[in-house]
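# Descriptive analysis of the structure
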Amino acid sequence: MQSDRLAHQADRQKYIKGEHVHTIFHNEQEQFSIAKIKIHETNEHYKYKEIVAKGYFPHLQDGTVYYFYGDLKKHPKYGWQYHIHAYETFVPDTKQGLIAYLSSDLFHGIGKKTAEKIVDILGENAISQILNDRGVLKHVPGLKEDKAERLVKVLQENQGFEQVVIHLARYGIGMKTAQKIYQQYKDEAIETLYEDPYQFVFDIDGFGFRTADNIARQNGLPGTHPNRIGAGCIYVLQNSIKQGHVYLPLNECIQQVLNLLADRELTAEAVTERIKQLNNDKTIILQQGRVYLPSLYYAEDGFTSHIQRILATPIAFETDLAELMKIIGDIEEAEVLSYGKDQFQAINQSLHSKITIVTGGPGTGKTTIIKGILKAYAAIHDVSIDPEDYDDQEDYPFILTAPTGRAAKRLNESTGLPASTIHKLLGWNGVDRFEKSEHEPLTGKFLIVDEFSMVDIWLANHLFKAIPNDMQILLVGDEDQLPSVGPGQVLSDLLASGIIPYVRLHDVYRQKEGSKIIKLAHDIKYDRCTHASLQNDRDFSFIKCKDYQIMDCLINIFQKALDKGIEPNDIQVLAPMYRSRNGINAINMHLQQFINPKTATKREIKVYDKVYRVGDRVIQLVNRPEDGISNGDIGQVVAIFMEEENKENTEQLVLSFDGKEVVYERQDFDQIMHAYCISIHKAQGSEFPIVILPIITAHHRMLQKNLLYTAITRSQKALILCGDQTAFLEGVYTQNTNKRYSSLKEQLLERVPNETVREKDEEQISPYDFM
């Protein structure tokens, strides 16, 4: 068997058995590669969990395990590396697949050692023996009666399924994916696995092309198999989403598929023909030379239709200028403020348009405008702004929402009114469905969406689908921040189309209060940032240091903060990259050791290469609607329980999010990570009292204008930059050149009536024109 041969080879020479994490460099012509490898086992004298491997080999498959044979060498600059002479894919035999199955999460309480004992004693037909006579488990030492009973019960419930799991385990396919495959194919799963694994890419959510290609290659399927071409198309389109694309141009899609499949017999004509076939059965959508995944095509098409539908219903009222000026004057007197020209225009426009966009940088008064619009609308329509005045909350006219939990919380704190995430507003079930839609629309009269730059085309479509025709909408955002993590550039496309009336705020009000942070943000925004902009001030400092000094610098900043009585949770470190010596993962590890070190009495639990302790700061990575926790929420570990300490018999973390305690079991641990340092993308929509931003020359590829602008505008009271000033200035003058493919602007211009455009182009008049 292959595993015996590999083990024999491993005995004779040095090896690393490991899993491909990501490719750092690859030369297609010479097939020279540098890759990061997660080590499973090795006979080398090397103590770390990961290593950089280099040598002449093609692209490795993500998540696939290999045996690498070579030499361990220390590079004077980059440290330890593994120079590969030979490698081969590790394929578990049936026995190993059976052990993986029995020690999976399906069989609670059966660990790998117990599973090995069962297979060693009962052999590779262990399952059939157990099902025929459960008494055979008495021969397994250390297996308690209650665990044996649970094992038999689960096996009886999953007869047939276990064979699928065992076969799939040979190719490194886990339990969750195996369950999806079995539910889809039942008894035909194994036959499909060997005859056409590419079909899984089409039918099974999350089944990757690389995995299917690995299986097909081992089973001798040709490189020009039609489903290989089709699966390659799906993979290329799915991968393009990571760059924010809604579609790929046909020629670019074809070229990427040819590069991916790398088969000399494959032609561009064959790929084109396969794309047309996939378009015929709507597996992908080909329109006007653009290739879409169906979900993105229908999201963009649907969003455009809903914009068109909402704009087609005119507003039933209009307030004359004199009356509006009186209302605004009353608000100014009550709030002890004075609106500027742009702010007045934004309020006026929002009250008299079906949809309005207000965009501007920090300190330009976006929050002030939101409160002004709410109060002016309430005065004009003679309704209360206080939710307590309504017996039925569905009668409340205002809806305030934002893409993330922290952004919604900020909106609530700034207005004093209820605000929720868009997902919660729409009733997201956490899997595949929103409760609110055109069939069960939102109730209310005026919808305000804050931080709209973060909304991707999928979420925008679902939100607008649920908006009734008579509702007015205000979209608030900063167009200069990072675009949405998901596909599209909805705010930018809406502004560029000119279809939606908008107001850009220019005057900076917080700058008048002496905020250096706000001044720096606007220096970046308007391309006037220089070394002089980086001079220290009462709320800003730039600590110059080398890359290798960053960790010490961060620790010193935290130590000084603690000495001044500042709580660590009021300080947030932001960084652009997870990996590297000064990346997010490394910073989290060092700051955890300083802020929340190991003690004899403090509980902790190890999860892969991370350790969670009571007191640790953590961030939620996905929406968890059943517990009211959103992606980006930051909490704290308040308790840890071991298996024997709870009735669920599983390790548990108890996390507190603003006082709300939620229990996480081991299968949920991948939903969180440490949050002493988080990514700038994750920080979007949030603000923190103190922000520390390391500026590292090694991150120069990521240091771009919109990223740095987003990072510094997260700070409320103090901003500390540390690192290289030249790298920072180069970054703020580096535009993001990664163009996103989106057809939203074109669709809006084609389909929304020209009358709407002409209304937008009319000159806006305000009382300030007469002053």
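Each chain has its residues counted from 1, running along the sequence as written. The predicted origin of the model limits local features to residues at a pLDDT of at least 70 and limits the giving and counting of side-chain atom pairs to 80 or more, whereas totals for whole chains, interfaces and linings rest on all residues. To get the side-chain values, all heavy atoms of the structure are used, and hydrogens and water are removed first.

### Overview of the overall build of the chain
Along the backbone of the chain there are 29 helices and 26 strands. Restricting the calculation to C-alpha atoms gives the radius of gyration, and the globule rule supplies 2.2 Å times the number of residues raised to the power 0.38. In summary, the chain has a C-alpha radius of gyration of 29 Å against a globular reference of 28 Å for 771 residues, a match within 12%. Overall size of the chain, expressed as C-alpha extent along the three principal axes, is 90 × 65 × 60 Å. Looking at the 771 residues of the chain, the share that counts as buried comes to 53%. Put simply, of all contacts in the chain between residues at least 6 apart along the chain, 67% involve residues at least 24 apart. To measure how exposed things are, a 1.4 Å probe is used in the Shrake-Rupley method; for residues, cover is taken only from the protein chains shown. In the form shown here, the chain has an accessible surface area of approximately 36500 Å², with 47% of it arising from carbon and sulfur atoms. Note on charges: Lys and Arg go in the positive column, Asp and Glu in the negative column, and His and the chain ends are not counted at all. Taken as the charge location is NZ of Lys, CZ of Arg, CG of Asp or CD of Glu. Positive and negative side-chain charges of the chain, numbering 86 and 105 respectively, have mean locations separated by a distance of 7 Å. Put simply, DSSP H or I for four residues or longer makes a helix, DSSP E for two residues or longer makes a strand, and each gets a number counted from the N terminus. Burial status follows relative accessibility: with a 1.4 Å probe on protein chains alone, a residue under 20% of its type maximum counts as buried, one over 50% as exposed, and anything between as partly exposed. In what follows, a contact means two residues having at least one pair of non-hydrogen atoms within 4.5 Å.

### Let's talk about the sheet that holds strand E8 (residues 290-292)
In space, the 3 strands of this open sheet follow the order E6-E8-E7, with antiparallel pairing throughout. The open sheet is flanked by strand E6 (247-249) and strand E7 (285-287), the only strands paired with a single partner. Strand after strand, the sheet turns through a mean of 25 degrees between neighbouring axes, direction not considered. Bridge count for E7 against E8 is 3 bridges, and the pairing is antiparallel. Looking at E8, one finds that Ile285 is bridged to Tyr292. With respect to the sheet, helix H12 (residues 250-261) is in contact with E6, E7 and E8, its orientation differing from that of E6 by roughly 90 degrees. Strand pairing is assigned whenever DSSP detects at least two bridges linking the two strands. Note on definitions: angles span 0 to 180 degrees between N-to-C directions of axes, and those axes are lines fitted to C-alpha atoms, for helices only across the stretch in contact.

### Here we look at the pattern of salt bridges
Criterion for a salt bridge: a side-chain nitrogen of Lys or Arg within 4 Å of a carboxyl oxygen of Asp or Glu. In total, this model carries 22 salt bridges according to the counting rule given. One salt bridge in this structure joins Glu645 and Arg603, with 2.6 Å as the shortest N-O distance. With a gap of 42 residues between them, Glu645 in the loop between strand E20 (634-641) and strand E21 (652-657) and Arg603 in the loop between helix H24 (584-595) and strand E17 (604-607) connect regions that are remote in the sequence. Glu645 gets classed as partly exposed once you look at its relative accessible area, which sits at 36%. Classification of Arg603 as partly exposed rests on a relative accessible area of 34%. Look at the salt bridges and you will find they share partners, linking Arg410, Glu451 and Glu687 into a network.

### Remarks on a negative patch on the surface
Surface patches are defined over residues having more than 30% relative accessible area and no salt bridge, joining like charges when they lie within 9 Å and nonpolar side chains (Val, Leu, Ile, Met, Phe, Trp, Tyr) when within 5 Å. On the surface, a cluster of negative charge is contributed by Asp187, Glu188, Glu191 and Glu195. Its place among the elements puts Glu191 in helix H8 (residues 189-195).

### Things to note about the confidence of the model for the chain
Model confidence for the chain is summarised by a mean pLDDT of 86, while 91% of its residues fall at 70 or above. pLDDT measures the predictor's confidence residue by residue and takes values from 0 up to 100. Below a pLDDT of 50 lies the segment residues 1-11, which in the model reaches 20 contacts outside its immediate sequence neighbourhood of four places, other chains included. Note on residues 755-763: pLDDT under 50 across the span, and 7 contacts to partners over four residues away in sequence or across chains.

### Things to note about the sheet that holds strand E16 (residues 571-575)
Spatially, 5 strands are ordered E15-E26-E25-E16-E24 in an open sheet, and the strand pairing comes out parallel. Because the sheet does not close on itself, it has two edges, and the strands there are strand E15 (540-544) and strand E24 (677-679). Shown here is a sheet whose adjacent strand axes are inclined to one another by a mean of 25 degrees, direction ignored. Relative to strand E26 (residues 715-723), E15 runs parallel, the two being bridged by 5 bridges. The residue of E26 that forms the bridge with Phe542 is Leu721. Along the sheet, H24 makes contact with E16, E24 and strand E25 (688-695), crossing E24 at roughly 165 degrees. Sitting on the sheet, helix H26 (residues 705-712) touches E16, E25 and E26, and the angle it makes with E25 is about 145 degrees.

### Notes on the pairing of strand E1 (residues 15-27)
The pairing of E1 with strand E4 (residues 65-75) spans 5 bridges and is antiparallel. For Gly18, the partnering residue across the bridge sits in E4 and is Tyr66. Taken together, the 10 bridges between E1 and strand E2 (residues 32-42) define a ladder with antiparallel strand orientation. Opposite His26, over in E2, you have Ser33 as the bridge partner.

### Observations concerning the nonpolar core
Inside soluble globular proteins, nonpolar side chains tend to come together where they are buried. Ranked by internal contacts, the top residues of the largest apolar core, which has 112 residues, are Ile307, Leu463, Phe464 and Leu494. Looking at this core, the element that brings in the most residues is helix H11 (residues 226-241), giving 8 residues. Leu463 has contacts with Ile422, Leu425, Leu426, Leu442, Leu447 and Val449, leaving out every residue within four places of it along the chain. If you look at the next biggest cluster of nonpolar residues, it comprises 70 residues, including Ile517, Leu534, Ile550 and Ala561. Buried residues of nine kinds, namely Ala, Val, Leu, Ile, Met, Phe, Trp, Tyr and Cys, make up a nonpolar core once their side-chain atoms join them within 4.5 Å.

### Comments concerning the packing of aromatic side chains
Stacked, tilted and edge-to-face are the three classes assigned to paired rings of Phe, Tyr and Trp, where Trp is represented by its six-membered ring and a pair needs centres within 6.5 Å; plane angles under 30 degrees give stacked, over 60 edge-to-face, the rest tilted. Counted under the stated rule, the structure contains 18 aromatic pairs. Considering the side-chain rings of Tyr67 and Tyr69, the 6.2 Å spacing of their centres and the 10 degrees angle between planes classify their relative orientation as stacked. Across this residue pair, the class does not change: Tyr67 and Tyr69 are buried. Summarising the aromatic geometry, the rings of Phe542 and Phe728 are spaced 6.2 Å apart at their centres and angled 80 degrees between planes, so their arrangement reads as edge-to-face. Within this pair, whereas Phe542 is found in strand E15, its partner Phe728 is found in helix H27 (residues 725-732), the two being separated by 186 residues in sequence. We note that Phe542, like Phe728, is buried. Among the aromatic residues, those joined into a ring-pair cluster are Tyr247, Tyr292, Tyr297, Tyr298 and Tyr741. Any Lys NZ or Arg CZ found within 6 Å of a ring centre and within 35 degrees of that ring's normal is scored as a charge over the ring. Here the basic side chain of Arg290 rests over the ring of Tyr247, its NZ or CZ set 5.3 Å away from the ring centre. Against the face of Tyr664 rests Arg624, its NZ or CZ located 4.1 Å from the ring centre.

### Regarding the side chain of Asp547
Assignment of secondary structure puts Asp547 in the loop between E15 and helix H23 (550-563). At 5.8 Å, Arg581 is the nearest oppositely charged side chain to Asp547, a buried residue that forms no salt bridge. For Asp547, the side chain forms a polar contact with the side chain of Thr697, separated by 2.7 Å. Residues in contact with Asp547, not counting those within four places in the same chain, are Arg581, Asn582, Ile696, Thr697 and Ala698. Here a polar contact means two N or O atoms within 3.5 Å. Within protein one must be a hydrogen donor candidate and the other an acceptor candidate, and residues neighboring in sequence count only if both atoms are side-chain atoms.

### Some thoughts on unusual backbone geometry
Phi at Gln288 is positive, roughly 50 degrees, even though this residue is not glycine. Relative to the helices and strands, Gln288 resides in the loop between E7 and E8. A positive phi angle, near 55 degrees, is found at Val336, a position not held by glycine. Among the secondary structure elements, Val336 is positioned in the loop between helix H15 (321-335) and helix H16 (341-351). Residue class for Val336 comes out exposed when judged on its relative accessible area of 73%.

### As for the environment of Ile543
Position of Ile543 among the secondary structure elements: in strand E15. For the pair Ile543 and Ile557, spaced 14 residues apart in sequence, the C-alpha separation works out to 9.9 Å. Residues within four places of Ile543 in sequence aside, it is in contact with Cys553, Ile557, Ile720, Leu721, Cys722 and Gly723.

### Brief notes about the packing of helix H22 (residues 516-525) against H26
At a minimum axis distance of 10 Å, the contact between H22 and H26 shows a crossing angle of 165 degrees. As far as their axial angle goes, H26 and H22 are roughly antiparallel. For the crossing formed where H22 meets H26, the hand is left-handed. Note on element contacts: H26 touches H22 through Lys705, Tyr709 and Ile712, opposite Ile517, Leu520, Ala521, Ile524 and Lys525. Residue type decides the class: Asp, Glu, Lys and Arg count as charged, Ala, Val, Leu, Ile, Met, Phe, Trp, Tyr, Cys and Pro as nonpolar, and the leftover types, Gly among them, as polar. For the contact of H22 with H26, the per-class residue count stands at 6 nonpolar, no polar and 2 charged. Just so you know how the angles are binned, under 35 degrees is roughly parallel, over 145 roughly antiparallel, 65 to 115 roughly perpendicular, and the rest oblique. Less than a right angle of anticlockwise turn of the near helix away from the far helix marks a crossing as left-handed, whereas a clockwise turn marks it as right-handed.

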